[in-house]
Amino acid sequence: MPRSSKRHQWRRRPLPPASPPPQAPTAAEPPAPSPVHKDQGSVVQAALYRDGRRVSTPDSLAETFRQLREYPDGMAWIGLHRPSEAELLSLAAEFDLHELAVEDALEAHQRPKLERYGDTLFVVLRAARYLDAQEEVDFGELHAFVGKDFLITVRHGAAPDLSAVRNRMEKTPELLALGPEAVLYAILDAVVDGYAPVVAGVQNDIDEIETEVFGGDPAVSRRIYELSREMVEFQRATRPLVGMLHGLMAGFAKYGTDEELQRYLRDVADHVTHTSERVDGFRQALADILTVNATLVTQQQNAEMRALAEAGFEQNEEIKKISSWAAILFAPTLVGTIYGMNFETMPELKWAAGYPFAILLMAVVCVSLYFIFKRRDWL
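Definitions and limits used
Residues numbered from 1 in each chain as written. Predicted model: local features only at pLDDT ≥ 70, side-chain atom pairs only at ≥ 80, totals over all residues. Heavy atoms only, no water. Axes fitted to C-alpha atoms, helices over the stretch in contact; angles between N-to-C directions. Helix = DSSP H or I, 4+ residues; strand = E, 2+ residues; numbered from the N terminus. Parallel < 35°, antiparallel > 145°, perpendicular 65-115°, else oblique. Left-handed = near helix turned anticlockwise from the far one by under 90°. Contact = heavy atoms within 4.5 Å. Buried < 20%, exposed > 50% of the residue type's maximum accessible area, 1.4 Å probe, protein only. Pairing = 2+ DSSP bridges. Core = buried A, V, L, I, M, F, W, Y, C linked by side-chain atoms within 4.5 Å.

S.K.: Looking at this structure, I do not really get the packing of helix H10 (residues 259–339) against helix H11 (residues 354–375). What am I missing?
M.R.: Running from N to C, H10 and H11 point in directions that differ by 160°, and their axes come no closer than 9 Å. Relative to H11, the element H10 lies roughly antiparallel. Regarding H10 and H11, the two cross each other, and that crossing is right-handed. On H11, the residues touching Ser 324, Trp 325, Ala 327, Ile 328, Ala 331, Pro 332, Val 335, Gly 336 and Tyr 339 of H10 are Phe 357, Ala 358, Leu 361, Met 362, Val 365, Cys 366, Leu 369, Tyr 370 and Phe 373.

Right, here's the structure in full:
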């Protein structure tokens, strides 16, 4: 049955003592079980907390609902990975989730946003991780429903690793005792901290690309283009977070947010702003590198065309020389061929000065052709 609307009033949970004395479990409060939980369906882990300490690890959503009703001052933290429609609808019926938010969580592929439906916050985050082997940025999507006594996370993709967030919060019960808001801020911090390795990996890629550009690597253009596309996605993941966090900070007074959480959120907002500025810088740097690469490629092509033109010119000069010498050598061959026909009616055959005349004619023609070609710079 749906939860009463009275359970959706936001309240600040009291901060527990710094070193709370150990208490023996009672019938109303069973001992906290081991955090190891068997996955069932899409439920990665579901746990109930009181005053920042785990008191139960239900085996199913139905058991989680039942136990939460037994602990009116408890908090349920449910983690799902690619849940089915039936699972989300059961959560929506139990915690009175808005149908539009449930539809977004089912379809995924949403841009980062923060929306309030009554007393429930719906948050969409885009996590990122750097795959070193492939030199690629892998993006995941996380949806969070935050109410008075519950926090539900719906994860699409490998990132982020919320088990680390849960372990961290369970080691700081004084922070976990502040309620679902504290868990939300811890998730925000984990997502933003996950951007740091991505930024470092992208910076290293850009340094390598600059070296490849000036080294004349022909495959660098494709790498620049692919990394630019990833930076567009990275920009879409980080830029909306700045406005989202400022929106949360604007509601500090209205919703009575704990002062410790306020400092925590401001720190996360500073990191988001820094990351967003770095991503903007990466995108501009890649655009400049692409321009430089296009200029260098054009210069290289011009140099190659110039080299081809010079080679063609030199080849033409060689052809001129060969043609000139061929013409010079052809002249005496022509004269010798004519006088070598040995026809009886040729008057020059019995002419005493015929041989010297033929030699002189060959020499005159050859010398004339030589000076003609020389004057035209063919020789």
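S.K.: Help me understand the environment of Pro 180, please; the structure alone is not making it clear to me.
M.R.: If you trace the backbone, Pro 180 turns up in helix H6 (residues 180–193). Exposure remark for Pro 180: the relative accessible area of 4% places this residue in the buried category.

S.K.: Hey, could you run me through the pairing of strand E3 (residues 75–81) in this one?
M.R.: Put simply, side chains in a regular strand alternate between the two faces of the sheet. Across the 7 residues of E3, 6 count as buried, placing the element largely inside the fold. Taken together, the 6 bridges between E3 and strand E7 (residues 150–156) define a ladder with parallel strand orientation. Across the sheet, the residue bridging to Trp 77 is Leu 151, located in E7.

S.K.: Help me out: how do you make sense of the nonpolar core in this one?
M.R.: Proteins that are soluble and globular tend to have nonpolar side chains buried together. With 59 residues, the main nonpolar core has Leu 125, Met 169, Ile 187, Leu 188 and Phe 234 as its most contacted residues. For this core, the element with the most residues is helix H8 (residues 220–250), which contributes 11 residues. Sequence-distant contacts of Leu 188, defined by excluding residues within four places in its chain, comprise Leu 125, Leu 241, Leu 245, Leu 248, Leu 265 and Val 268. Counting residues in hydrophobic clusters, the runner-up holds 26 residues, among them Leu 97, Val 102, Phe 122 and Ile 152.

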